[in-house]
Amino acid sequence: MNIAAETPKEHNLPVPPPEAMITVLLSEMRRSQDEAASTNGSMRSTYAKAEAKGVNLAAAKRALKIQKSGKAEEFVDEMTKLLQYLNILGIGVQKSQLDLFEVAPTLAPIDEKAELDGLRAGRFGEPADHNPHDLSTDAGQRWLEGHYRGTEERKLVFALQAAEESETEVIEGDEADDGQTDVEDEEPFGGPWPDDAQVAAHAAE
């Protein structure tokens, strides 16, 4: 088993926004998934880094799977019904908890949305020529501004990772199976959630 001994050191790199860190880590998880057939070791390393930064691997893999399937609306419908059924089963979700859910801005001006889309694209490492807007428009320029900022945040995340790795002494040993090889699920939403047997048992009480 790999044993990591942390050696605290100071580095002068700025801290990127938490959402930037998560977005970059998700992009690396997606890349590792795409290359999983030949890079299982790299995939496990990427997942371990993401988990160490507080990324919920189960939720992250589910989100990437939904993105790949293109069935986000179906997932939202499923989640809506799931919350309804939990309430019927006496496992209600409080309104204060629902208020914590982040939702995409649907009524944002096109320029503002273009900048957010560019920011996300930059964090994901997508090239600048993927701008879906005409460069002669305000939306096209705002997308580029967002993309530049996202690209710089992506570079910062990788720089922080490199600095942290240089501060950590790793003692090589036998590599344990971490059980993170189940990258692809047959169902877009990752199968039954929660477990059917648990729901049936609760309903029978």
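Criteria and thresholds
- For every chain, the first residue of the written sequence is number 1, and numbering continues from 1 onward in sequence order.
- In view of the model being predicted, local features appear only for residues whose pLDDT reaches at least 70, and side-chain atom pairs are presented and counted only at 80 or more, with totals across whole chains, interfaces and linings using the full set of residues.
- Excluding hydrogens and water, the side-chain values take into account all heavy atoms of the structure.
- To get an axis, a line is fitted to the C-alpha atoms, and for a helix only the part in contact is used. The angle between two axes follows their N-to-C directions and goes from 0 to 180 degrees.
- Numbered from the N terminus, helices here are DSSP runs of H or I no shorter than four residues, and strands are runs of E no shorter than two.
- Should an angle fall under 35 degrees it is taken as roughly parallel, and over 145 as roughly antiparallel, whereas 65 to 115 is taken as roughly perpendicular and any remaining angle as oblique.
- Contact definition: two residues touch when any of their heavy atoms are within 4.5 Å.
- Residues are grouped as follows: Ala, Val, Leu, Ile, Met, Phe, Trp, Tyr, Cys and Pro are nonpolar; Asp, Glu, Lys and Arg are charged; all remaining types, including Gly, are polar.
- Helix span is expected to be 1.5 Å times the residue number reduced by one.
- Here's how the labels work: a residue is buried when its accessible area is under 20% of the maximum for its type, exposed when over 50%, partly exposed in between, all with a 1.4 Å probe on protein chains only.
- Note: the arc covers the axis-to-C-beta directions of the helix.
- Any pair of nitrogen or oxygen atoms within 3.5 Å is treated as a polar contact; in protein, a donor-acceptor pairing is required on top of that, and neighbouring residues in sequence qualify only through side-chain atoms on both sides.
- By definition, turning the near helix anticlockwise from the far helix through less than a right angle yields a left-handed crossing, and turning it clockwise yields a right-handed one.
- The salt bridge definition used is simple: a Lys or Arg side-chain nitrogen within 4 Å of an Asp or Glu carboxyl oxygen.
- The quantity called pLDDT is the predictor's confidence in a given residue, expressed from 0 to 100.
- To qualify as a nonpolar core, a set must consist of buried Ala, Val, Leu, Ile, Met, Phe, Trp, Tyr and Cys residues joined through side-chain atoms within 4.5 Å.

Novice: How would you sum up the packing of helix H1 (residues 18–34) against helix H7 (residues 138–166)? Please name residues and give values.
Specialist: Relative to each other, H1 and H7 sit at 80°, their axes nearing to 9 Å. Regarding the angle of H1 to H7, the classification is roughly perpendicular. Counting all contacts with H1, which are made through Ala20, Met21, Val24, Leu25, Ser27 and Glu28, the residues of H7 involved are Glu153, Arg154, Val157, Phe158, Leu160 and Gln161. A per-class count over the contact of H1 with H7 returns seven nonpolar, two polar and three charged.

Novice: Break down helix H4 (residues 72–88) for me, with residues and values.
Specialist: Since the α-helix packs 3.6 residues into each turn, any two residues three or four apart lie on the same face. The end-to-end C-alpha separation of H4 is 24 Å, in line with the 24 Å expected for 17 residues at 1.5 Å each. Listed as buried for H4 are Phe75, Met79, Leu82 and Leu86. The arc that holds every buried residue of H4, seen down its axis, measures 60°, which confines them to one face. Within H4, the exposed residues directed more than 90 degrees away from the buried face are Glu73, Asp77, Asn87 and Ile88. The secondary structure elements touched by the buried residues of H4 are helix H3 (57–69).

Novice: Break down the side chain of Ser27 for me, with residues and values.
Specialist: Positionally, Ser27 belongs in helix H1. At 2.8 Å, the side chain of Ser27 and the side chain of Arg154 are in polar contact. With near-sequence residues (within four places) excluded, Ser27 lies in contact with Arg123, Phe124 and Arg154.

Novice: Go over the packing of helix H6 (residues 110–124) against H7, please, and point to the residues and values.
Specialist: Contact geometry for H6 and H7: axes closest at 6 Å, N-to-C directions at 30°. On the basis of their axis angle, the class for H6 and H7 is roughly parallel. Pair H6 / H7 crosses with right-handed handedness. Along the contact surface, H6 presents Ile110, Asp111, Glu112, Ala114, Glu115, Asp117, Gly118, Leu119, Ala121, Gly122, Arg123 and Phe124, while H7 presents Asp138, Ala139, Arg142, Trp143, Gly146, His147, Arg149, Gly150, Thr151, Glu153 and Arg154.

Novice: Outline the pattern of salt bridges, supporting the account with residue identities and numerical values.
Specialist: Evaluated as defined, the whole model comprises 10 salt bridges. Taking the shortest distance from any N to any O, the salt bridge between Glu19 and Arg123 comes out at 3.4 Å. With Glu19 in helix H1 and Arg123 in helix H6, this pair connects stretches of sequence that are 104 residues apart. Residue classification places Glu19 among the exposed residues on the basis of a relative accessible area of 52%. Residue Glu164 is joined to Lys53 by a salt bridge in which the shortest nitrogen-to-oxygen separation is 2.7 Å. Of the two residues, Glu164 is situated in helix H7 and Lys53 in the loop between helix H2 (40–52) and H3; the sequence distance between them amounts to 111 residues. Relative accessible area serves as the criterion here: at 29%, Glu164 is assigned to the partly exposed category. Judged by its relative accessible area of 35%, Lys53 is partly exposed.

Novice: Tell me about the confidence of the model for the protein chain, and name the residues and values.
Specialist: Predicted confidence across the protein chain gives a mean pLDDT of 75, with 66% of residues reaching 70 or more. Scored below 50 in pLDDT, residues 179–184 makes 13 contacts in the model with residues more than four places away or belonging to other chains.

Novice: Explain the environment of Phe75 to me, and be specific about the residues and the numbers.
Specialist: In this structure, Phe75 sits in helix H4. Through-space distance from the C-alpha of Phe75 to that of Ala63 is 9.9 Å; in sequence the pair is 12 residues apart.

Novice: Describe the nonpolar core, naming the residues involved and giving the relevant values.
Specialist: If you look at the biggest cluster of nonpolar residues, it comprises 16 residues, and the most contacted ones within it are Leu26, Met29 and Ala50. Looking at this core, the elements that each hand over two or more residues are H1, H2, H3 and H7. Ranked by the residues each element gives to this core, the list is headed by H1, at five residues. Once residues lying within four places of it in the same chain are set aside, the contact partners of Met29 are Thr46, Tyr47, Ala50, Leu57, Ala60, Lys61 and Leu64. By size, the runner-up hydrophobic cluster in this structure holds five residues, among which are Ile66, Phe75, Leu82 and Leu86.

Novice: Please set out H3 residue by residue, giving values where relevant.
Specialist: Given a rise of 1.5 Å per residue, 13 residues ought to cover 18 Å, and the 18 Å separating the end C-alpha atoms of H3 matches this to within 8%. Regarding H3, the residues found buried are Leu57, Ala60, Lys61, Arg62, Leu64, Lys65 and Ile66. For H3, the N-terminal cap is Asn56; the gap from its side-chain oxygen to the backbone nitrogen of Ala58 is 3.1 Å. One or two residues past the end of H3 sits Gly70, with phi positive at roughly 70°.

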